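# A structural walkthrough
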Amino acid sequence: MSDTFVIREFNGDDSRLEISDYGAQVLSWAPVGQPSVIWRPSALVLEAGVPIRGGVPVVTPWFGAGYAGGHALGLSPKHGSARLSFWHCEDPSDSSDGRVRYRLDLPADAADPSGQPLRAVYEVGAGGSLRMTLTVANVGEASASVEMALHTYLRVGDVRRTRVRGLSGVGYWDAAAGGVDRVQQEEDIAFAGEVDRVYGVARPLEVHDPVLNRVIHVRSDGAEQTVVWNPGERIGDAITDMAPGEWSSFVCVEAALCRGHAVELAPGESCTLGQTLSL
Ligand SMILES: O=P(O)(O)OC[C@H]1O[C@H](O)[C@H](O)[C@@H](O)[C@@H]1O
C-alpha cells in the first residue's frame, strides 16, 4: 500500500473502467459507445483525508454518523474511514482484463462501533456489466457491529427527468424530512427537490433516463436496503466539491446494510455486499 494517488485504467473489449486506490473508488465505467454509467464531478478533488466526490464510495465500517440501538452515534468521519484510506491493490499486473481486487486492514479504534480490527476485501469486475463486491471480516477477538454500503453515483442526463423504478409499496426512512417513516406510494421515485431515503429492501431496480436515452439496471447481493439520494438544487449548489448545477447530473442508488441492518460479526466471521450495474 502506498499513500500516493493512483488511478488505474482498464480498457476491455466491452467497457472502460477507472478506479482510484484511495478509497478503492470506482470513478467511471463506460460500456463501449456509451457515456460513463458512473458519475464524477468535472473537477475531481484528490486530497488525503477528504472523500472523493462521485464514483462509487465504499462506505464502512459505519454509514453516515453510525447507528446503533435506534440512535445516530455521531461518529466521524462521515460514512467511515474506508473511503479515506489508501487500499492495497493485489496483483495489479493481473488486472488488465478489468478485474481488480483491493484489500484494507482497518485497525480497532475506540470510537468505532465495531470496536475490533476489520479486514475489507473489495473486488471489481468490469465487462458487459460492472460487478462490485465488498467483504468485511472481523479479525478481532470479540463481536463487531459493522455497517456497509456501496454509495454508487449514477450518471443521468437530468435528475429532474430521471425515474427510479422498482420500489413501489416499499417503506423507507426519509432523512430529508427529518427522519420519518413513509411508504413509496407512486410507482416511480421522482426528483423534484432533495431526496435522501433508506428503503427497507434491496431489489432489482431500473433507472430510467430519457435524456441519455437509456435504462440502468441495478442489482444487489447481500444488501437489505437501498439508499436513494440526490441533494436537489439548494443543497447541491452548496456542496463545494462539485460545480454549480452538477447536482442535476447524478442520482445515488446504494446497496446497503445500515441502521437497523448493521451486521453483528463474531470473531472470524465476514459479511459480503455486492452491486451489479448493466445497461
Ligand atoms: O457528502 P457525502 O458525505 O458523500 O454524503 C452524501 C450522502 O450520502 C448518503 O446518500 C446519505 O444518505 C446522505 O445523507 C448524504 O448526504
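Residues numbered from 1 in each chain as written. Predicted model: local features only at pLDDT ≥ 70, side-chain atom pairs only at ≥ 80, totals over all residues. Heavy atoms only, no water.

## Focus on the sheet that holds strand S9 (residues 118-126)
Selection criterion: For two strands to count as paired, DSSP must find a minimum of two bridges between them. In this description a helix means any DSSP run of H or I spanning at least four residues, a strand means any run of E spanning at least two, and both kinds are numbered starting from the N terminus.
Strand order in the open sheet formed by 9 strands is S7-S8-S9-S10-S24-S20-S19-S14-S17, and the pairing between neighbours is antiparallel. Taken across any chain shown, the strands that pair with only one partner, and hence form the sheet edges, are strand S7 (88-90) and strand S17 (188-189).

## Here we look at the UniProt feature "active site" (unreviewed entry) in the protein
Quick note on the threshold: UniProt positions are given in the numbering used here, feature names are shortened, and annotations may be inferred rather than shown by experiment. Think of it in three bands: with a 1.4 Å probe and only protein chains considered, a residue is buried below 20% of the maximum accessible area for its type, exposed above 50%, and partly exposed in between.
UniProt's feature table lists "active site" (unreviewed entry) at His151 and Glu254, given in the numbering used throughout. Annotated residues spanning 104 residues; largest pairwise C-alpha distance 4.7 Å, indicating a single compact cluster. Take His151: it is sitting in the loop between strand S12 (148-150) and strand S13 (153-155). Here His151 falls in the buried class, since its relative accessible area comes to 5%. Inspection of the secondary structure assignment puts Glu254 in strand S22 (residues 250-257).

## Brief notes about the environment of Gly179
Let me state the cut-off plainly: Contacts are residue-level and defined by heavy atoms, with any inter-residue pair within 4.5 Å sufficient.
Within the secondary structure layout, Gly179 lies in the loop between strand S15 (171-174) and strand S16 (180-183). Setting aside residues no more than four positions away along its own chain, Gly179 makes contact with Trp173 and Asp174.

## So, the pattern of salt bridges
The test is simple: Salt bridges are counted wherever a side-chain nitrogen of Lys or Arg sits within 4 Å of a carboxyl oxygen of Asp or Glu.
Taken as a whole and judged by the stated rule, the model has 13 salt bridges. Linking Asp21 and Arg8 is a salt bridge whose minimum nitrogen-to-oxygen distance equals 2.6 Å. Taken together, the residues span a long stretch of sequence, with Asp21 in the loop between strand S2 (15-20) and strand S3 (25-31) and Arg8 in strand S1 (residues 7-11) at a distance of 13 residues. Judged by its relative accessible area of 7%, Asp21 is buried. Where Arg101 meets Glu123, a salt bridge forms, and the shortest distance between an N and an O atom there is 3.1 Å. Here Arg101, found in strand S8 (residues 99-106), pairs with Glu123, found in strand S9; they are 22 residues apart in sequence, far enough to count as distant. According to the relative accessible area criterion, Glu123 is partly exposed, its value standing at 34%. Several salt bridges converge on common partners, so that one network encompasses Glu9, Arg16, Glu18 and Arg40.

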